[in-house]
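Structural overview for review
Letter by letter, the chains look like this.
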Amino acid sequence: MATSVSETVRDIVLCGHGSTGKTSLIDRLLETTHTVDGMHSVDNGTSICDFEPEEKAHHLSIEATLAHFQHQGLRFNVIDAPGYPDFIGHTIAAMRGADTAMIVIDAHAGIAVNTRRVFHEAEKAGIGRMIVVNKIDTEHLDFAALMQNIRDTFGQACVPINFPKLSDGAIVGLIDIFDEKADTSQAPIDPAIYKESLVEATIEADEAWMERYFEGEVPTNDDLKALIPKAVASGTLIPVVCCSIKKAVGISELLDAMALCSLAPSMIHRKATSEDGAEIELEGDPDGPLAAQVFQTRIDPFVQKLSYIRVYNGTLRKDMTLPGNNGRKGVRIGQLLDVQANQLEPIDEAKPGDIVAVAKIDQLHTGTNEGELELPKIDFPQPMVGVAIRPKSRNDEAKLSAALHKLVEEDPTILIEHDEETQELVLRGMSELHLTLIQEKLARRDNLEIETYEPRIPFRESITYPAEGSYRHKKQSGGRGQFGEVHIRIQPLPRGTDIATFATKENFPSMKHVHYFEAMNFLWVDSIVGASIPGNYMPAVEKGLLDRVHKGVLAGYPMQDLCVEVHYGKHHPVDSSETAFRIAASAALREVCKKAGPQLLEPMVEMHVTVPVDCVGDVYSDMATRRGQISGTQEAGPNMQTVLCVTPLAETGSYARSLSSITGGQGSYSISFSHYAPIPAHLQDKHRLHVEEEEETA
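Residues numbered from 1 in each chain as written. Predicted model: local features only at pLDDT ≥ 70, side-chain atom pairs only at ≥ 80, totals over all residues. Heavy atoms only, no water.

Quick look at the packing of helix α15 (residues 616-625) against helix α16 (residues 655-663) now. Interhelical geometry of α15 versus α16 gives an angle of 150° and a closest axis separation of 10 Å. Between α15 and α16, the interaxial angle falls into the category roughly antiparallel. Crossing of α15 over α16 shows right-handed handedness. Here Asp 618, Val 619, Asp 622 and Met 623 of α15 lie close against α16, whose contacting residues are Tyr 655, Leu 659 and Ile 662. Grouping the constituent residues of the contact of α15 with α16 by class yields five nonpolar, no polar and two charged. (Axes fitted to C-alpha atoms, helices over the stretch in contact; angles between N-to-C directions. Helix = DSSP H or I, 4+ residues; strand = E, 2+ residues; numbered from the N terminus. Parallel < 35°, antiparallel > 145°, perpendicular 65-115°, else oblique. Left-handed = near helix turned anticlockwise from the far one by under 90°. Contact = heavy atoms within 4.5 Å. Nonpolar A, V, L, I, M, F, W, Y, C, P; charged D, E, K, R; others polar.)

Printed below as a string of structure tokens:
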């Protein structure tokens, strides 16, 4: 079988913290390689990659953008990923399309919030890593201290392959670690120290060279350059390259470093699953079975939906019909498009390593696999920050649904939930900035204005101890009246109760029928003896009980965790009706619950909060103010720990903002429902609303 791949392709994701100069760097690379004409700038809104109106307005990247250029006979597909944690979903997806992550660090700001995150995401994705130190023209830059910080944070595999060249403290060029004749007197550190580190990190990936090195043989520069890609692929070497976009220093050197250090598609070992469940290692064979995946979706105002596809194996051709999988019908691809930011050119085929786009195919979504082989799914972080939304104009309700669908297609870290209980539409994203930009896009692209407000907390109601009583509904206003009387006993029903062993004659001697509603953990027992309530009225009694369970007795919230036994009643041969017994049953439950210690329950959530080790104490203190209970900690990587805790959902509304403040933006968290628990007594009145004891009427 042929195992050749396109060795002239390099797929790179450019990532790092916001404002480190990633998008400007792409502009310079495109200009230096004469791929585009003229000068382009993020600041004046002419950047090649930041072309969306929101990106121009805020001077930041919101979506990943693909561009390409040629250098040293290689084609570089570079994905410019957003730098702020608010848009981390786009960065994670972009890594699925790349073989090398080029992580940009601001020499002045150092290792910022998202730098750590993207470094470890790239490691998790199994792709090679390089570090680009930008802004080395920073006045009074202590390069030695910065380099030590990089190595302390990301490991000794980080080795610089060039260094700033200074004159009177100003950057005038770079010194190449491979240039043995270079004047190192103007270097901020001794390159010889790092040359030894480079040798050790590089040969560590090659056993044969390790043996030769221990025997005293030292690799030449040519030997090292040949070994560097293998070392980058294995993770024993993370090359560090310097530049100053502002001073136009180091751009050509960066291009050469990209050609030297970035990985060909064949150097990343990926696996896929065949239809029969067998695991297959992808060899990048253009004649083999097709393995391709959509890693990004963009809604373009002109061509509508664009799906960006990375090919890993086989060949994708225009007008090709792909086999269906996961229950889907086959998909006809149509035209393939070569992407240069927002410019599209038709092409005929895409081979392993190629990235293309296809337009207007509804069946394709971010993460969709195409071909005979199934690739691993893309794991996105769960959006935590939510607001309830509604259109400002009721006429826009249908329009809102279509607009939100487009947003979710573009960004998997946007979640739309319709809360059946509160009847609210809740929009969730990664941060308040994320939600703000979503609103701006709705207004600009869909001409849709929305209102936002805090979502309601889905409290519950329950009882504390058993009680019994009755209610008679009697109404006479001329003609046929209304009459129904219902007697009930109620008791708490703890979660996890085995209904089969609980609802027995031993506990309910006169039991005839039982109905159990699992969602509410509500059990009602029919223990009517004789015909005190005729059987044809018992369905109405059940409806009345359910009415009250849904309506609550304290604050209008649904009830749960209770058992109701209907054991006696009275009826009238003329005035009784289904309506009368439905009203009587509802009112009986309301009245008896008042004697059973009614209480409000609040949803408790399990949180996993991942922070730097030195912030763990602050997280503990903050959780105490939120009535949170800490259950332990777990290691979460170098210098990071995950705090495990359970806390009321009502106390988490502002947590994203607080955690950012506590950790300087370096923390993250996940949240999931745990259980319902009673609200502390001193807080019951705060949430309790007055429910009128209205006279029940038909």
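Additional details are given in the paragraphs that follow.
This model, assessed by the stated rule, comprises ten aromatic pairs. On the basis of an interplanar angle of 50° and a centroid distance of 6.4 Å, the ring pair of Tyr 213 and Phe 214 is categorised as tilted. Assessed through its relative accessible area of 64%, Phe 214 is described here as exposed. Between Phe 502 and Phe 508, the aromatic rings sit 5.6 Å apart at their centres with planes inclined by 80°, giving edge-to-face as the arrangement. In this structure an aromatic cluster arises from ring pairing among Phe 143, Phe 163 and Tyr 194. Over the ring of Phe 119 we find Arg 129; its NZ or CZ atom is 4.5 Å from the centre of that ring. The positively charged end of Lys 225 is found above the aromatic ring belonging to Phe 178, 5.0 Å away from the centroid. (Phe/Tyr/Trp six-rings, centres within 6.5 Å; stacked < 30°, edge-to-face > 60°. Buried < 20%, exposed > 50% of the residue type's maximum accessible area, 1.4 Å probe, protein only. Lys NZ or Arg CZ within 6 Å of the ring centre and 35° of its normal.)

To continue, consider the layout of surface pockets. Roughly 570 Å³ of internal volume is contained in the second largest pocket. In terms of lining residues, the second largest pocket is bounded by 25 residues, among which Ser 19, Thr 20, Gly 21, Ser 24 and Lys 135 are the most central. Residue composition of the lining of the second largest pocket, by class: five nonpolar, 13 polar and seven charged. (1 Å grid on protein atoms, 1.4 Å probe; cavity = no way out; pocket = protein on both sides within 12 Å on 5 of 7 lines; lining within 4 Å. Points joined across faces, edges and corners; volume = space filled by probe spheres on them.)

On to empty space enclosed by the protein, then. The final tally for this structure, using the stated rule, is three cavities of 30 Å³ or more. Along the wall of the largest cavity there are 15 residues; nearest its centre are Ile 62, Glu 63, Asp 411, Ile 438 and Lys 441. Secondary-structure elements contributing two or more residues to the lining of the largest cavity are α2 (53-58), α10 (397-410) and α11 (432-445). Residue contributions to the lining of the largest cavity peak at four residues, all from α11. For the lining of the largest cavity, a count of residues per class yields six nonpolar, two polar and seven charged. Going through the elements one at a time, β12 (291-300) and β13 (304-313) are the ones with two or more residues in the lining of the second largest cavity. Among the residues forming the lining of the second largest cavity, the class breakdown is six nonpolar, one polar and two charged.

Across the sheet, which stays open at both edges, the four strands sit in the order β23-β24-β22-β25 with antiparallel pairing between neighbours. Unpaired on one side and paired on the other, β23 (415-419) and β25 (450-453) mark the two borders of the sheet. Direction aside, the axes of adjacent strands within the sheet are offset by 35° on average. Sheet analysis places β23 next to strand β24 (residues 424-429), joined by five bridges and oriented antiparallel. By the bridge assignment for β24, Ile 416 is matched with Leu 427. Across the sheet, α11 touches β22 (385-391), β24 and β25, and the angle it forms with β24 is around 115°. (Pairing = 2+ DSSP bridges.)

Here we come to the pattern of salt bridges. Per the counting criterion, the structure on display carries 38 salt bridges. In this structure, Arg 310 and Asp 99 form a salt bridge, with 3.3 Å as the shortest nitrogen-oxygen distance. Of the two residues, Arg 310 sits in strand β13 while Asp 99 sits in the loop between α3 (88-96) and β4 (100-106), which places them 211 residues apart along the sequence. Across this residue pair, the class does not change: Arg 310 and Asp 99 are buried. A network of salt bridges, in which partner residues are shared, links Glu 52, Glu 54, Glu 63, Arg 298, Lys 406, Glu 410, Lys 441, Arg 444, Arg 445 and Asp 446. (Salt bridge = Lys/Arg side-chain N within 4 Å of Asp/Glu carboxyl O.)

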